[in-house]
2 protein chains.
Amino acid sequence: MSTAQVVRRVAVFGGTHGNEMSGVYLVKRWLQNQEAITRPSFLTVPCIANPRAVERCRRYIDVNLNRQFTPGTFQYCMDVPSTAPYEVHRAVELNKKFGAAGEAFDVIIDLHNTTSNMGNCLIIGSSTDSFTLQMVRYLVQRSGLVCPVFLTENPASHVKMADTRSMGVHGIENGHYGPSCLRSVSRHGLCLELGAQPQGVLLADIFLRHERLVHTCLDFIHKFNQGELFPKETLEVYRILHVVDYPRNKDNDLSAMIHPELQDKDWHPLQPGDPMFLTLDGETIKYEGDSTIYPAFINEAAYYEKGIAFWATQKETLNVNELQVKN
Amino acid sequence: MSTAQVVRRVAVFGGTHGNEMSGVYLVKRWLQNQEAITRPSFLTVPCIANPRAVERCRRYIDVNLNRQFTPGTFQYCMDVPSTAPYEVHRAVELNKKFGAAGEAFDVIIDLHNTTSNMGNCLIIGSSTDSFTLQMVRYLVQRSGLVCPVFLTENPASHVKMADTRSMGVHGIENGHYGPSCLRSVSRHGLCLELGAQPQGVLLADIFLRHERLVHTCLDFIHKFNQGELFPKETLEVYRILHVVDYPRNKDNDLSAMIHPELQDKDWHPLQPGDPMFLTLDGETIKYEGDSTIYPAFINEAAYYEKGIAFWATQKETLNVNELQVKN
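All chains use their own residue numbering, which begins from 1 and follows the written sequence. Just so you know, chain letters begin at A and ligand numbers begin at 1, following the order they were written in. Restriction of local features to residues with pLDDT of at least 70 applies here, the model being predicted, together with a cutoff of 80 or more for giving and counting side-chain atom pairs; totals for whole chains, interfaces and linings are based on all residues. The basis for every side-chain value is the complete set of non-hydrogen atoms in the structure, without hydrogens or water.

What counts here: UniProt positions are given in the numbering used here, feature names are shortened, and annotations may be inferred rather than shown by experiment.
By the naming in an unreviewed UniProt entry, chain A is Aspartoacylase-like, taken from Branchiostoma floridae. Its UniProt record, at the heading Sequence similarities (unreviewed entry), says of chain A: "Belongs to the AspA/AstE family. Aspartoacylase subfamily." Quoted verbatim from the Subcellular location (unreviewed entry) field of the UniProt record, the comment on chain A reads "Cytoplasm".

1. Here's the deal with the pairing of strand 14 (residues 310-320) of chain B
Residues and elements named next belong to chain B. The condition that has to hold: Summary of the burial criterion: residues with accessible area below 20% of their type's maximum are buried, those above 50% are exposed, and those between are partly exposed, where the area comes from a 1.4 Å probe applied to protein chains only. Every helix listed is a DSSP run of H or I at least four residues long, and every strand listed is a run of E at least two residues long, numbered separately from the N terminus. A pair of strands counts as paired when DSSP detects no fewer than two bridges linking them.
Counted residue by residue, strand 14 has eight buried out of eleven residues, so it is predominantly covered. Inspection of the sheet shows strand 9 (residues 233-244) paired to strand 14 by eleven bridges, in the antiparallel sense. Across the sheet, His242 pairs through a bridge with Ala312, a residue of strand 14. Bridge count between strand 13 (residues 294-296) and strand 14: three bridges; the pairing is antiparallel. When the bridges of strand 14 are listed, Pro295 appears paired with Ala312.

2. Side note on the environment of Leu235 of chain A
Residue and element names in this part refer to chain A. The condition that has to hold: A contact between two residues is defined here by any heavy atoms of the two lying within 4.5 Å.
Among the secondary structure elements, Leu235 is positioned in strand 9 (residues 233-244). On a C-alpha basis, the gap between Leu235 and Val320 in space is 6.8 Å, while along the polypeptide they are 85 residues apart. Non-local contacts of Leu235, meaning those with residues more than four positions away in its chain, are made with Leu133, Val136, Arg137, Val140, Val149, Glu316, Thr317, Leu318 and Val320.

3. A word on helix 4 (residues 86-98) of chain B
Residue and element names in this part refer to chain B. Note the threshold: Helix span, expected: 1.5 Å multiplied by one less than the number of residues in the helix.
The end-to-end C-alpha distance of helix 4 is 18 Å, a good match for the 18 Å that 13 residues give at a rise of 1.5 Å each. Residues Tyr86, Glu87, Val88, Arg90, Ala91, Val92, Leu94 and Phe98 constitute the buried set of helix 4. On its buried face, helix 4 sits against strand 2 (9-14), strand 3 (43-48), helix 2 (51-56) and helix 3 (71-74).

4. So, the interface of chain B and chain A
Short version of the rule: Here's the idea: put two parts together, see how much 1.4 Å probe accessible area each one loses, and the total over both is what we call buried area. Put simply, a salt bridge is a Lys or Arg side-chain nitrogen that is within 4 Å of an Asp or Glu carboxyl oxygen. Here a polar contact means two N or O atoms within 3.5 Å. Within protein one must be a hydrogen donor candidate and the other an acceptor candidate, and residues neighboring in sequence count only if both atoms are side-chain atoms.
Counting from both sides, the interface comprises 26 residues of chain B and, opposite them, 26 residues of chain A. When chain B packs against chain A, the two sides together hide about 2400 Å² of surface, and 65% of this comes from carbon and sulfur. Among the residues chain B hides against chain A, the three largest losses belong to Tyr25, Met257 and Leu280 of chain B. Together they make up 21% of the total. At the boundary of chain B with chain A, the tally comes to four salt bridges. Of the charged contacts, one joins Arg29 of chain A and Asp281 of chain B as a salt bridge, the two residues approaching to 3.2 Å between their closest N and O atoms. Where chain B touches chain A, the interface holds ten residue pairs in polar contact (both at pLDDT 80 or more).

5. A word on the packing of aromatic side chains
Counted only if it meets this: The criterion for an aromatic pair is that two Phe, Tyr or Trp rings (for Trp, the six-membered ring) have centres within 6.5 Å, with stacked assigned to planes under 30 degrees apart, edge-to-face to planes over 60 apart and tilted to the rest. In our convention, an over-ring charge means Lys NZ or Arg CZ found within 6 Å of a ring centre and within 35 degrees of that ring's normal.
Throughout the structure, instances matching the rule amount to 32 aromatic pairs over all chains. Pairing Tyr246 of chain A with Phe277 of chain A gives two aromatic rings, centres 6.1 Å apart and planes at 50°, and the pair type is tilted. Of this pair, Tyr246 of chain A sits in the loop between strand 9 and strand 10 (256-258) while Phe277 of chain A is found in strand 11 (residues 275-279), placing the two residues 31 residues apart along the sequence. The class of Phe277 of chain A is buried, set by a relative accessible area of 1%. Both rings, one in Phe297 of chain B and one in Tyr303 of chain B, keep their centres 5.2 Å apart while their planes meet at 50°; by these two values the pair is tilted. Given a relative accessible area of 4%, Tyr303 of chain B falls into the buried group. Members of the aromatic cluster, each reached through a chain of ring pairs, are Phe150, Tyr238, Trp267, Tyr294, Phe297, Tyr303 and Trp311 of chain A. Across the ring face of Tyr25 of chain B, the terminal group of Lys28 of chain B is positioned such that the distance to the ring centre comes to 5.2 Å.

6. Description of the sheet that holds strand 12 (residues 284-286) of chain B
Residue and element names in this part refer to chain B. Rules: To get an axis, a line is fitted to the C-alpha atoms, and for a helix only the part in contact is used. The angle between two axes follows their N-to-C directions and goes from 0 to 180 degrees.
As summarised here, the arrangement of the three strands in space is 10-11-12, forming an open sheet in which the pairing is antiparallel. The sheet is open, and its two borders are formed by strand 10 (256-258) and strand 12, each paired with just one other strand. Strand-to-strand twist across the sheet, computed as the mean angle between neighbouring axes with direction ignored, equals 35°. Bridge count for strand 11 (residues 275-279) against strand 12 is three bridges, and the pairing is antiparallel. Opposite Pro275, over in strand 12, you have Lys286 as the bridge partner.

7. Some details on the confidence of the model for chain A
Residues and elements named next belong to chain A. What counts is decided by this rule: For every residue, the pLDDT score states the predictor's confidence, bounded by 0 at the bottom and 100 at the top.
Across chain A, the average pLDDT comes to 92, with 91% of residues at 70 or higher. When the criterion is pLDDT under 50, residues 157-167 qualifies, and its contacts beyond four places in sequence or with other chains add up to 16 contacts. Segment residues 170-176: pLDDT under 50, and 16 contacts once partners within four positions in sequence are set aside and those in other chains are kept.

8. Some words on the relation of the copies chain B and chain A
This is how it is decided: The copies are overlaid by a least-squares fit using only the C-alpha atoms of residues whose pLDDT is at least 70 in both copies.
Between chain B and chain A, the superposition needs a rotation of 180° and an axial shift of 0.0 Å, giving an RMSD of 0.0 Å. Within this description, the copies of the chain are treated as partners about a two-fold rotation axis. Minimal C-alpha distance to the rotation axis in chain B is attained by Pro198 of chain B, lying at 2.3 Å. A share of 100% of interface residues in chain B that are also interface residues in chain A marks the association as one of identical surfaces.

9. Considering the pattern of salt bridges
Within the structure shown, the criterion is met by 28 salt bridges over all chains. A salt bridge links Asp219 of chain A to Arg39 of chain A, with the shortest nitrogen-to-oxygen separation between them at 3.0 Å. Residue Asp219 of chain A is located in helix 6 (residues 204-225), and its partner Arg39 of chain A is located in the loop between helix 1 (21-32) and strand 3 (43-48); the two are separated by 180 residues in the primary sequence. Owing to a relative accessible area of 13%, Arg39 of chain A belongs among the buried residues under this scheme. Salt-bridge contacts for Lys250 of chain B lead to Asp251 of chain B; the nearest nitrogen and oxygen are separated by 3.8 Å. Looking at Asp251 of chain B, the relative accessible area reads 53%, which means it is exposed. Three or more residues are tied together by salt bridges with common partners; here these are Arg29 and Glu211 of chain A together with Asp281 of chain B.

See the structure below:
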């Protein structure tokens, strides 16, 4: 049995990336009508995370806001140099308001979109946070939507990577995912990463699914606060292994594209020998790893500059502890 | 019978908008291997139209390059003020090289992508240019691809618009489409506008279709130069009527989205009473015009800032004259 503290404050962020439109428009609407996301047992606060990027409909102004929530940023604490990137200023502001030193929000729900065909992806950073795992399990079982779960926790050290390194595969850099994200500012955090949606486009279908997932999260939290016992469960997740980059030429330009047979196949098994890339000259490059992987974030627009054609993941079943609010 | 002059020079442009990726990558490849687009009877020159925008993977740096090919721009001719937008400088450069005062290219093929589900759209500006119409007819019949034709020529004056004006419908401003486009620099011009593809994403399937369409154009031009007679034909086109904007609030933000039943239905008939928008609060707004229209460019990312939710078009059948090269 795990317990967790009662939830007093929940923040719902949109526009962490300014051109991911369903989160932007949902949060703008909730800022006009906070009633819609109110539940009796806790406070819900909607917030546009990167307002300048939203205004310009760009992912960010200077740097990716969602990698600025680091000790390096927070060393500034009260006094950010005026020359620091806009998003460093903004990360410090958000940490001051929502973080432990401020109003200490208990839960952050961060709304994102991807150009990849990820469906209703739930992103979590820990396999041991029972509260978040139970919330995710609740979404999987009760939202009425198919919700693949992407776990950004570092993989077990036994995973072999050397055999694929020559193909543009590289490991996870420290802070690449997880602890530097906006959702890490509170005790519990979750990204709702919905796609496929082009940057700068609002798709009604995705807007409605994003809305439904947020409401289902809030329903879970209210039940939790009311003392409901959430039984022991299992949860299927896709745990990150490593990223695979596009084949590139000497100018760092793509020399191949995601193969048509892999495009839009996020969460599907990729077996050794399956087509992975198609060169600009029409040659197929096959996946030559020695085990099945489950690609995610295939052909995400924002990842070209990061050197990511897709994330390789492995499928795992986590045990989720029984959970009840701490008295 | 129409005749046209033999074609000596053809330019193929990519990156007129720097984040429309299949044109960018095709042209980059052809710059490395011009042989691939060579035909015996004419010169083909590939060109990245907006290199700075391509470098930053943005639509443009200062202003939309594809609206700068105007008499207003070319008044500068030899002496563009240094304070002019980058794209004005670039338009003057391109006009000097490819236009009538320079090397006088005969045909421009301009490669674009859209986030709308436009398929293999061919955009033309005139219902009377027999050469371009015959080239388009050839693509429709011989490329093996379904190619809807979008005609940007001003609609006939009898079209009624007053009844829809209150719903965010507005007319075609002078120069909004057509004469200010890059393709207008040469005697004959065509845009290949393929979608749906998110900005900043390269989809192999679209890359391959773009490539095939360019090769089919070049095959047509070579046959034309060799004296082939192209018989009288008809051609189905979608002629622009007016644009329809999103419903907006007092801050000019969207208050409604494209209705899920209209999303991706480019080229399908929209009948009076059909769902058109869905407000952020879930209310359906129906199309209340008095005649059937054929929407195109539905939910194109780049058109949010222009106030365009989609273009209303009407279906027409054009007569295409018999064509042969002028001796």
